[in-house]
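Observations on chain architecture
The lines below spell out each chain.
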Amino acid sequence: MNTTRDDFDPIPSTRHRIPVGVGSLKQAEEAADALAVPVALGKEPPDELGTDAAGLASAGFTGERGQTLVRTRENGPVRVAVGTGAPERIDATLARDLAAEFARAVPWHKRLAIEVPSRDLGISRAEFAQAVTEGVLLARWRYFVGKDADRAPLESLLVVAPDEDAEEIGRGVERGRIIAEAYCLGRDLANCPATTLSAVRMAEVAQEVGPPAGLVVEVFDKDQLIELGCGGLLGVNRGSVEPPRMIRLRYQPENPTGRIALVGKGVMYDSGGISLKPSDESHAQMKNDMTGAAAVLASMTALQALGCTAAVTGYLMCTDNMPSGSAMKLGDVLRMRNGTTVEVLNTDAEGRLVMADALALATEEPVDAIVDIATLTGACLRTFGVEIAGVMGNNSAVVEQLRRAGDVVDEPVWELPLHRPYRSQLDSSIADLTNMGGVNAGSITAALFLEEFVDGRPWAHVDIAGTAQLPAPRTWRNKGATGFGTKLLIEFALGFARPADADSAAAAS
């Protein structure tokens, strides 16, 4: 790859490993710049805040959920009262959010500490510690290539807990660190300028971060993709000066309890091809059209450290989608990996083309479930907005496992019907399929297209077109490309249970 002035580090967060740990209030007094003290609505605050409920109220702080009040002190760290809302039990989502609000309330403080409440929680102390670790680290993440690019956004995080709880809370802190670091990797990739993060560079990143995380990384170049018959990926790549790459990742524990294939859309920059996108803000955001591939890679780097017992194979389908004299044209017919021919009616419906090849490859090996994730349709953005992803599939057990995983990690997915009468909208007069349905139900017809390549295996499709980009920060979520899906896939893989009909589906195919 040629080095240019715009050749930025694509994964800066991996160079800033934030020390996290468990300690006492005394240690926090000595080592931290700012200490978060959770305060429930209508309750007296802990003594270490240095004031009572009346004093907080006089400053406008009542303990409402999400409220923060910074109290400076002559000696020791500033105290930050963080409202937890009504004094019922705290769950992981609330813990993650309040930790993020604390981190944002003291943006110039680098050494943070946060207390574990003494009252009963709705989750274990380890789960609370995991959630607050995620909240602080994710809220403080940034992708920045300016003059202060080497400045770490955070120097340390200490979770304050009694000695008798230190071991349990330490396990939660470590788990939160692993998940947050994986998520930050996904965010780095999704935010990196497309000139820097080509398909070739994406493969290099996978080769850098994969093996230390216990992953076997295979990279397939253009000649190998031709040999494999990956006509979808090759067709989309025709207009680009950058060569394509398919990256296959394998995580193989001993005596696996299940077999999962993950497929990620890796369109490094999506101009729309000949069906050129309008020249507006959405065009600039199209560097994030590889968020699905980023989520697959990032999530898989955490599996070994978290003790995942399922075997996971990931497919990252990476290419630009650019207009040029050699670009894919409207009316072209592509032959996919499984022999299916596709008439191209819109070159901006390219994600389903690159993913179809990987879905077909995934069915050629023993697999209990296939999950694909992609910034696929504007229809999904218009349906769910920027905080909820769509999910569809041919297996209710797999869809339900994804839904539950999303609820746990606060990356929600909502099921749309895979309404098969709409399949006729994909009929072509000259090929097996077209790559576009009608003007309505675009998310559903896109999923129906993908279903043609899973050969009856248990499968679900996650459409993150809306959740891949946020216009403004909210709690632990940052403005810009979000990296949505990393935590979802981690939680799904860790809790994966083989669908009851997995064997029968494979045998029937």
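Residues numbered from 1 in each chain as written. Predicted model: local features only at pLDDT ≥ 70, side-chain atom pairs only at ≥ 80, totals over all residues. Heavy atoms only, no water.

Here we come to the layout of surface pockets. In this structure, the largest pocket encloses a volume near 1,000 Å³. Lining the largest pocket are 42 residues, and of these Lys277, Leu376, Thr377, Gly378 and Ala465 lie nearest its centre. Put simply, the parts of the chain that give the lining of the largest pocket at least two residues each are strand 9 (259-270), helix 9 (281-284), helix 11 (351-362), helix 12 (378-384), helix 14 (442-451) and strand 18 (469-470). The biggest single contributor to the lining of the largest pocket is helix 12, with 4 residues. A class-by-class count of the residues in the lining of the largest pocket yields 16 nonpolar, 16 polar and 10 charged. (1 Å grid on protein atoms, 1.4 Å probe; cavity = no way out; pocket = protein on both sides within 12 Å on 5 of 7 lines; lining within 4 Å. Points joined across faces, edges and corners; volume = space filled by probe spheres on them. Helix = DSSP H or I, 4+ residues; strand = E, 2+ residues; numbered from the N terminus. Nonpolar A, V, L, I, M, F, W, Y, C, P; charged D, E, K, R; others polar.)

Turning to the confidence of the model for the chain, a few remarks are in order. Averaged over the chain, the pLDDT score is 93; the fraction of residues at 70 or greater is 96%. In this model residues 1-5 is a low-confidence stretch, pLDDT under 50, and it forms 5 contacts with partners more than four residues away in sequence or in other chains. (pLDDT = per-residue confidence, 0-100. Contact = heavy atoms within 4.5 Å.)

With that out of the way, let us pick up the packing of helix 10 (residues 291-300) against helix 15 (residues 486-494). Relative orientation of the contacting elements helix 10 and helix 15 amounts to 50°, with a least axis distance of 8 Å. Taken as axis vectors, helix 10 and helix 15 run oblique relative to one another. In this structure, helix 10 meets helix 15 at a crossing whose hand is right-handed. Between helix 10, through Ala295, Val296, Ala298 and Ser299, and helix 15, the contact on the second element is made entirely by Thr486, Leu489 and Ile490. By residue class, the composition of the contact of helix 10 with helix 15 is 5 nonpolar, 2 polar and no charged. (Axes fitted to C-alpha atoms, helices over the stretch in contact; angles between N-to-C directions. Parallel < 35°, antiparallel > 145°, perpendicular 65-115°, else oblique. Left-handed = near helix turned anticlockwise from the far one by under 90°.)

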